[in-house]
Amino acid sequence: MQSAPNLILVGPMGAGKTSIGRRLADRLGLHFVDVDQLVVERAGADIPTLFEHVGEAGFREREHAALASALTGDGQVVSTGGGAVLGAENRRLMRERGFVVHLHVSVEGQLRRVGHDRNRPLLQRPDRERTLRELAAVREPLYAEVADLHHDTEGLSPGRATTELIERLAVHWQRGAIPSANTP
Ligand code: S3P
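Residues numbered from 1 in each chain as written. Predicted model: local features only at pLDDT ≥ 70, side-chain atom pairs only at ≥ 80, totals over all residues. Heavy atoms only, no water.

## Concerning the overall build of the protein
Spelled out, the test is: Put simply, DSSP H or I for four residues or longer makes a helix, DSSP E for two residues or longer makes a strand, and each gets a number counted from the N terminus. In this treatment the radius of gyration is a C-alpha quantity, and the globule benchmark scales as 2.2 Å times the residue count to the 0.38 power. Partly exposed residues are those whose accessible area sits between 20% and 50% of the maximum for their type, while under 20% is buried and over 50% is exposed, using a 1.4 Å probe and protein chains only. Here, residues are in contact when the closest pair of their heavy atoms is within 4.5 Å.
If you tally the helices and strands in the protein, you get seven helices and five strands. Reading the protein from its N terminus to its C terminus gives the helix and strand order β-α-β-α-α-β-α-β-α-α-β-α. Rg of the C-alpha trace for the protein: 16 Å, near the compact-globule value of 16 Å for 184 residues, within the 12% margin. The principal-axis extents of the C-alpha atoms in the protein amount to approximately 45 × 35 × 25 Å. Per-residue burial over the protein gives 48% buried out of 184 residues. Taking all contacts inside the protein whose residues are at least 6 apart in sequence as the whole, residues at least 24 apart take part in 73%.

Given below as structure tokens:
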């Protein structure tokens with residue numbers, strides 16, 4: 001297995017990419033970069049405002065630019081937005097520049113975690129469950145395509161999911177496949 005300069009987290013809304021990513025970076029002594037946060041900082045506007053003014057397509061362009069710029073660095077845990085895998089160029093970049101972890105959660109789990117969230121424009125629809133199932137049908141194959149490792153976060157706290165993920169990553173670590181700073 002080739003060594004990768006970054007650990008990249010993909011997966012649906014509510015899988016825990018940001019909360020686990022932060023903990024992972026902290027525990028592994030790596031920098032943490034949240035691509036959504038980078039988009040917001042660069043645009044000077046939050047995600048709902050961006051969707052309102054430039055639409056989903058405009059958001060995806062900014063997301064691609066932010067991801068590409070984040071992935072010029074190394075030694076980072078990079079958390080991506082749930083739709084970042086939609087772009088073929090994004091997937092290529094992720095595979096080239098990182099060891100990709102797919103954080104999985106069921107639609108039921110997503111509804112429990114982000115069912116009432118107001119900061120996710122794609123969820124501001126009457127039938128959230130149906131929306132999440134439609135998104136999953138399109139995206140699950142893309143998460144599967146891009147990921148080196150699948151990790152189920154269903155029913156786990158962010159802390160517990162992080163600990164279990166680090167235990168699993170240790171195997172890849174010994175093979176030199178993931179970036180390291182501290183020993184877990
Ligand atoms: C999106 C997920 C969000 C954010 C935006 C679009 C998506 O990120 O990028 O609202 O398309 O699934 P999270 O997965 O961190 O919620």
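## Some words on the nonpolar core
Stated precisely, the cut-off is as follows: In this description, a nonpolar core means a group of buried Ala, Val, Leu, Ile, Met, Phe, Trp, Tyr and Cys residues linked to one another through side-chain atoms lying within 4.5 Å.
The biggest cluster of nonpolar side chains holds 31 residues, and the ones touching the most others in it are Ile 8, Val 10, Met 13, Leu 71, Val 78, Val 85 and Met 94. If you list the elements that add at least two residues to this core, you get strand S1 (6-10), helix H2 (35-43), helix H3 (47-70), helix H4 (88-97), helix H5 (107-114) and helix H6 (128-146). Of the residues forming this core, the biggest block, seven residues, is contributed by H3. With near-sequence residues (within four places) excluded, Ile 8 lies in contact with Leu 71, Val 78, Thr 80, Met 94, Arg 97, Gly 98, Phe 99, Val 100 and Val 101.

## Some points on the site of the ligand
Worth spelling out the cut-off: To be near a molecule or strand, a residue needs just one of its heavy atoms within 4 Å of it. Within 3.5 Å is the distance limit for a polar contact, defined as a pair of N or O atoms, with the added protein rule that one can donate a hydrogen and the other accept it, and that residues adjacent in sequence qualify only through two side-chain atoms. Note that accessible areas follow from Shrake-Rupley with a 1.4 Å probe, and for residues the cover is restricted to the protein chains shown. Residues are grouped as follows: Ala, Val, Leu, Ile, Met, Phe, Trp, Tyr, Cys and Pro are nonpolar; Asp, Glu, Lys and Arg are charged; all remaining types, including Gly, are polar.
Lining the immediate surroundings of the ligand are 13 residues, of which Lys 17, Asp 36, Arg 60, Arg 120 and Arg 139 lie closest. A distance of 2.7 Å is found between an oxygen atom of the ligand and a side-chain nitrogen or oxygen belonging to Arg 60. Within the contact set of the ligand, an oxygen atom lies 2.8 Å away from a backbone nitrogen or oxygen of Gly 82. The fraction of the free accessible surface of the ligand (390 Å²) that becomes covered by protein chains is 96%. When residues in the shell around the ligand are grouped by element, the largest group, three residues, is from H3. Broken down by class, the residue content of the shell around the ligand amounts to five nonpolar, three polar and five charged.

## What to know about the pattern of salt bridges
Counted only if it meets this: Salt-bridge detection follows one rule: a side-chain nitrogen of Lys or Arg within 4 Å of a carboxyl oxygen of Asp or Glu.
As enumerated under the stated definition, the model contains 12 salt bridges in all. Across the salt bridge formed by Arg 133 and Glu 129, the nearest N and O atoms sit 2.8 Å from each other. Here Arg 133 and its partner Glu 129 are both found in helix H6, four residues apart, which amounts to about one turn of the helix. By sharing partners, the salt bridges in this structure join Glu 56, Arg 60 and Glu 63 into a single network.

## Examining the environment of Leu 7
Along the polypeptide, Leu 7 turns up in strand S1. Here the alpha-carbon distance between Leu 7 and Ser 69, two residues 62 residues apart in the chain, equals 15 Å. In contact with Leu 7, other than residues within four places in its own chain, are Leu 24, Leu 28, Leu 30, Gln 76, Val 77, Val 78, Phe 99, Val 101, Leu 169, Ile 178 and Pro 179.

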